[in-house]
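Examination of the molecular architecture
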Amino acid sequence: MADESLFEFLHLEIVSHIFSQQSGKGEMDNKDRAVCISVLEAMGFRVGQGLIERLTRDSPSFKDELDIMKFVCKDFWTKVFRRQVDNLRTNHQGTYVLQDNKFALLTQLSNGKQYLDQAPKYLAFSCGVVRGALSNLGLESVVTAEVSSMPSCKFQVVIQKS
């Protein structure tokens, strides 16, 4: 229980630090916000790479892309965010939508639409974590997050075909 709270507080402080560091230079515009989001996403990418490496050390190799996504939704998501994804959808053409109705890193912020405009900065790290994990499993992807009502969140994963 304590480690869950510590991770949530650490995440909030990292986001706050990155944004305050950038806003210390004056008024933030869209370019400054994009830089902050990129920094958080890159941090998450490296964390995701390391976590998936440890989690899959003793696992057999995966059959296909869908098998990897199921692993991410069940085992990986549980280790990182303490619960499984509520829903996984795919179009069988490389696009997956992972829905989490009580996303751990948004539950402390709001319930409803109050801070909806602030959600992207709190999801950038998580998008990076998922993208880093998939990258280490051999899937290059683009991961985006969408929030229509907190703490519910949808992550869209588009696998890049080479």
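Treat the numbers as computed from the prediction; the structure is a model and nothing was measured. (Residues numbered from 1 in each chain as written. Predicted model: local features only at pLDDT ≥ 70, side-chain atom pairs only at ≥ 80, totals over all residues. Heavy atoms only, no water.)

Attention now moves to helix α4 (residues 119-136). Between its first and last C-alpha atoms α4 spans 26 Å; for 18 residues at 1.5 Å apiece the expected length is 26 Å, and the two agree. Along α4, the helix axis deviates most sharply at F125, where the bend reaches about 25°. With 15 of 18 residues buried, α4 is to be regarded as a mostly interior element. Where α4 terminates, the next one or two residues include G138, which has phi positive at roughly 95°. (Helix = DSSP H or I, 4+ residues; strand = E, 2+ residues; numbered from the N terminus. Expected span 1.5 Å × (residues − 1). Bend = angle between axes of the 7 residues up to and from the residue. Buried < 20%, exposed > 50% of the residue type's maximum accessible area, 1.4 Å probe, protein only.)

Position of K121 among the secondary structure elements: in helix α4. Despite its burial, K121 pairs with no opposite charge, the nearest such side chain being D117 at 8.4 Å. A polar side-chain atom of K121 sits 2.9 Å from a polar atom in the side chain of Q118. If near-sequence neighbours (up to four positions away) are discounted, K121 is found in contact with V15, F19, I37 and L40. (Lys, Arg positive; Asp, Glu negative; His and termini not counted. Salt bridge = Lys/Arg side-chain N within 4 Å of Asp/Glu carboxyl O. Polar contact = N/O pair within 3.5 Å; in protein donor to acceptor, adjacent residues only side chain to side chain. Contact = heavy atoms within 4.5 Å.)

Let us look at the nonpolar core. The nonpolar side chains of soluble globular proteins are, as a tendency, buried together. Core analysis: the biggest nonpolar cluster contains 42 residues, and L98, F103, F155 and V157 have the highest contact counts within it. Only α1 (2-23), α2 (30-55), α3 (65-81), β2 (95-100), α4 and β4 (153-159) provide two or more residues apiece to this core. Tallying contributions element by element places α4 first for this core, with ten residues. Discounting chain neighbours no more than four positions away, the residues touching F155 are W77, Y96, V97, L98, F103, L123, S126, C127, V143, T144 and A145. (Core = buried A, V, L, I, M, F, W, Y, C linked by side-chain atoms within 4.5 Å.)

Before going further, it helps to examine the pairing of β4. Burial along β4 is one-sided: C153, F155, V157 and I159 are buried, and none of K154, Q156 and V158, which face the opposite way, are. Where β2 and β4 come together, six bridges link them in antiparallel fashion. Each bridged residue has a counterpart across the sheet, and for T95 the counterpart in β4 is V158. In this sheet, β4 lies alongside strand β3 (residues 141-146) in antiparallel orientation, the contact comprising six bridges. Within β4, the residue paired with E146 across the bridge is K154. Linking two consecutive strands that pair antiparallel, namely β3 and β4, is a turn of six residues. (Pairing = 2+ DSSP bridges.)

As a further point, take the packing of aromatic side chains. Within this structure, the stated rule accounts for six aromatic pairs. Plain terms: the ring middles of W77 and F103 are 6.1 Å apart, the flat faces sit at 50° to each other, and that makes the pair tilted. Pair noted here: W77 is in helix α3 and F103 is in the loop between β2 and α4, with a separation of 26 residues, a long-range link. A relative accessible area of 0% means that W77 is categorised as buried. On the basis of an interplanar angle of 75° and a centroid distance of 5.3 Å, the ring pair of W77 and F155 is categorised as edge-to-face. Separated by 78 residues along the polypeptide, W77 in helix α3 and F155 in strand β4 bring together distant segments of the chain. Three or more aromatic residues joined by ring pairs form one cluster here, namely W77, F81, F103 and F155. Its guanidinium or amino end placed over the ring of F19, K121 lies 4.8 Å from that ring's centre, counting from NZ or CZ. (Phe/Tyr/Trp six-rings, centres within 6.5 Å; stacked < 30°, edge-to-face > 60°. Lys NZ or Arg CZ within 6 Å of the ring centre and 35° of its normal.)

Note that every value here comes from positions in space, so none of it alone points to a role or purpose.
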